[in-house]
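# An overview of the molecular structure
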Amino acid sequence: MNTGIILAAGTSSRYKGKTLKQFSLFNNRMIIDYSITTFLNHSSIDDIVIVVSEKYYQMIKDKYPDFHVIIGGQKRQESSLIGLLSCNKKTKKVLIHDAARAMVSEKIITRCLNAIKNYD
């Protein structure tokens, strides 16, 4: 089983928008939606965990009721660990992606999954 963890609990400290970058709209979609859609449509990703701050938890849970939406930590490392601990016990490979990086592609996901085969 392969799991994609999408980190969206960050504060977007360098971004100067009124809304956090990952929840800002681009072409009438939130930035996070692009990453979620790419992971969802990848044939080798079996599960998705979305890590958000408490403030955005209910909004994302309502929008993505079929996903594991969890509340992250104060720092990226904490949120990554919380995401890892939330993975299905059958998970063998995990990809952790930053929700603010909307341009992840199927090709990048495939290359990462293939690279994992070569490393413990």
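Quick note: structure is the one above.
Residues numbered from 1 in each chain as written. Predicted model: local features only at pLDDT ≥ 70, side-chain atom pairs only at ≥ 80, totals over all residues. Heavy atoms only, no water.

## Re a nonpolar patch on the surface
Taken together, the side chains of Leu81, Leu84, Leu85 and Ile96 make up a nonpolar region of the molecular surface, amounting to roughly 370 Å² of accessible area. Counting residues per element, the nonpolar patch draws most heavily on helix H3 (residues 76-85), which supplies three residues. Summarising the element assignment, leucine 85 is placed in helix H3. (Patch = residues over 30% accessible without salt bridge, like charges linked within 9 Å, V, L, I, M, F, W, Y side chains within 5 Å. Areas by Shrake-Rupley, 256 points an atom, 1.4 Å probe, with all protein chains shown as cover. Salt bridge = Lys/Arg side-chain N within 4 Å of Asp/Glu carboxyl O. Helix = DSSP H or I, 4+ residues; strand = E, 2+ residues; numbered from the N terminus.)

## Here's the deal with the sheet that holds strand E5 (residues 68-71)
Reading across from one edge, E5-E4-E1-E6 is the order of the four strands in this open sheet, with parallel pairing throughout. The open sheet has two edge strands, E5 and strand E6 (93-98), and neither has a second partner. Sheet twist, expressed as the average angle between the axes of neighbouring strands with direction ignored, equals 20°. With six bridges joining them, strand E1 (residues 2-8) and strand E4 (residues 47-52) adopt parallel strand pairing. Among the inter-strand pairings, isoleucine 5 is bridged to a residue of E4, identified as valine 49. Along the sheet, helix H2 (residues 54-63) makes contact with E4 and E5, crossing E5 at roughly 165°. Here helix H4 (residues 106-116) sits on the sheet in contact with E1 and E6, set at roughly 140° to E6. (Pairing = 2+ DSSP bridges. Axes fitted to C-alpha atoms, helices over the stretch in contact; angles between N-to-C directions. Contact = heavy atoms within 4.5 Å.)

Interpretation note: all reported values are geometric properties and have no functional meaning in isolation.
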